[in-house]
Amino acid sequence: GNPSVKTMRGKIILFFLALSGALSLRAEIIVDNSAEATAGYSVPIGTNNDASGCLAAQEFTLPDTLNPYLLNQISLWLNPTNGGGSVSVNLWNVGADGNPTNEITFVASQIVTNIGEVDFVPTNAIYLSPGFSYYVVVSPTTAADNNLVSLAFTTSQNWDGSGELDNFASTQAGFWQN
């Protein structure tokens, strides 16, 4: 595990294929804190930007290697808090203030009906630059999915993998805040 100063993190596993040569790929887990105890669940994932529902985001940093990374799966621990619904996962840039700034790409959407691990597998190739930080942002897929699902979090300071697990941010305060 790797120490960090933050006290709350989304439970997440990031699976990448690391390009290790012109045509060579190797599977690699960049960050994984799934074995850590669940401390609770976020407010529902929604667009209200308050305690009734907000966007949630987990920052990560890729190892600083020579070759880009190909994202092949993001796993999140979710809870159908208010009956369940569909959530979408997107990747965002990290701004100068350490918060999500703008969406880079859509990853996938999933319907959440049971508590536990939910896998988001991109349908298009998503290549990310080594050594850079990104946010995994979770949002309702449609307006009808607003405030129906919550993201599990842990207060553990540990994770496995070659990357870094950084800030947790949300829009609960009415704006992005980590």
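Now for a look at the structure at hand. Once a new chain begins, its residue numbering starts again from 1 and follows that chain's sequence as written. Owing to the predicted nature of the model, reporting of local features is limited to residues with pLDDT of at least 70; listing and counting of side-chain atom pairs is limited to 80 or more, with chain, interface and lining totals taken over all residues. The basis for the side-chain values is all heavy atoms of the structure; hydrogens and waters are excluded.

1. Focus: empty space enclosed by the protein
So the rule is basically this: Using protein atoms alone on a 1 Å grid, points that fit a 1.4 Å probe yet trap it form a cavity, whereas open point sets bounded by protein on both sides within 12 Å along at least five of seven lines form a pocket; residues with an atom within 4 Å of a point count as lining. Grid points are joined across faces, edges and corners, and a volume is the space filled by probe spheres set on the points. Strands are runs of DSSP state E lasting at least 2 residues, helices are runs of H or I lasting at least 4, and numbering of each runs from the N terminus.
This model, assessed by the stated rule, comprises 1 cavity of 30 Å³ or more. In this model, the largest cavity occupies a volume close to 40 Å³. Lining the largest cavity, in full, are G10, I12, A56, A57, Q58, L76, V136, V138 and L151. Only β5 (56-61) and β11 (133-140) provide two or more residues apiece to the lining of the largest cavity. The element contributing the most residues to the lining of the largest cavity is β5, with 3 residues.

2. Some points on the environment of T38
Quick note on the threshold: Should any heavy atoms of two residues lie within 4.5 Å, those residues are counted as being in contact.
Among the structural elements, T38 can be located in the loop between β3 (25-32) and β4 (40-41). A sequence separation of 27 residues divides T38 from K11, and the C-alpha atoms of the two residues are 7.7 Å apart. Among residues more than four places away in sequence, those in contact with T38 are K11, A152 and F153.

3. Considerations on the sheet that holds strand β13 (residues 164-170)
Put simply, the rule reads: The criterion for strand pairing is that DSSP finds at least two bridges linking the strands in question. Only the contacting stretch of a helix is used when fitting its axis, a line to C-alpha atoms as for every element, and angles between N-to-C directions run 0 to 180 degrees.
Sheet architecture is open: 5 strands sit in the order β8-β7-β11-β5-β13, paired in antiparallel fashion. The open sheet is flanked by β8 (100-112) and β13, the only strands paired with a single partner. When strand polarity is set aside, the average angle formed by the axes of neighbouring strands in this sheet is 20°. Both strand β7 (residues 85-94) and β8 contribute to a ladder of 9 bridges, which runs antiparallel. By the bridge assignment, V89 is partnered in β8 with A108.

4. Thoughts on unusual backbone geometry
Which entries qualify depends on this criterion: Burial status follows relative accessibility: with a 1.4 Å probe on protein chains alone, a residue under 20% of its type maximum counts as buried, one over 50% as exposed, and anything between as partly exposed.
Backbone geometry at N49 places phi at a positive 60°, although glycine is not the residue there. Along the chain, the position of N49 falls in the loop between β4 and β5. The class for N49 is partly exposed, based on a relative accessible area of 28%. The phi dihedral of N147 is positive, around 65°, even though this residue is not glycine. The buried category is assigned to N147, whose relative accessible area is 14%.

5. Some remarks on the packing of aromatic side chains
As a reminder of what qualifies: Stacked, edge-to-face and tilted labels apply to pairs of Phe, Tyr and Trp rings (six-membered ring for Trp) whose centres lie within 6.5 Å, assigned for plane angles under 30 degrees, over 60, and everything in between, in that order.
The tally for this structure, following the rule as stated, stands at 2 aromatic pairs. Between the aromatic rings of F60 and Y134, the centroid separation amounts to 5.8 Å while the plane-to-plane angle is 35°, which identifies the pairing as tilted. In this pair, F60 is assigned in strand β5 and Y134 in strand β11, connecting sequence segments 74 residues apart. For Y134, a relative accessible area of 6% puts it in the buried group. Seen from their ring centres, W92 and W176 are 5.6 Å apart, and the 70° between their planes marks the pair as edge-to-face. With W92 in strand β7 and W176 in the segment after β13, this pair connects stretches of sequence that are 84 residues apart. Residue W176 is classed as buried on the basis of its relative accessible area of 15%.

6. Considerations on the side chain of S170
Our working definition: Within 3.5 Å is the distance limit for a polar contact, defined as a pair of N or O atoms, with the added protein rule that one can donate a hydrogen and the other accept it, and that residues adjacent in sequence qualify only through two side-chain atoms.
Here S170 shows up in strand β13. Here the side chain of S170 touches Q172 through a polar contact of 3.3 Å, landing on its backbone nitrogen. S170 has contacts with C54, L55, A56, F175, W176 and Q177, leaving out every residue within four places of it along the chain.

7. Notes on the environment of D166
Its location among the elements puts D166 in strand β13. Separated by 31 residues in sequence, D166 and Y135 place their C-alpha atoms 9.1 Å apart. Reaching out from D166, the side chain makes a polar contact with the side chain of T61 at a distance of 2.5 Å.

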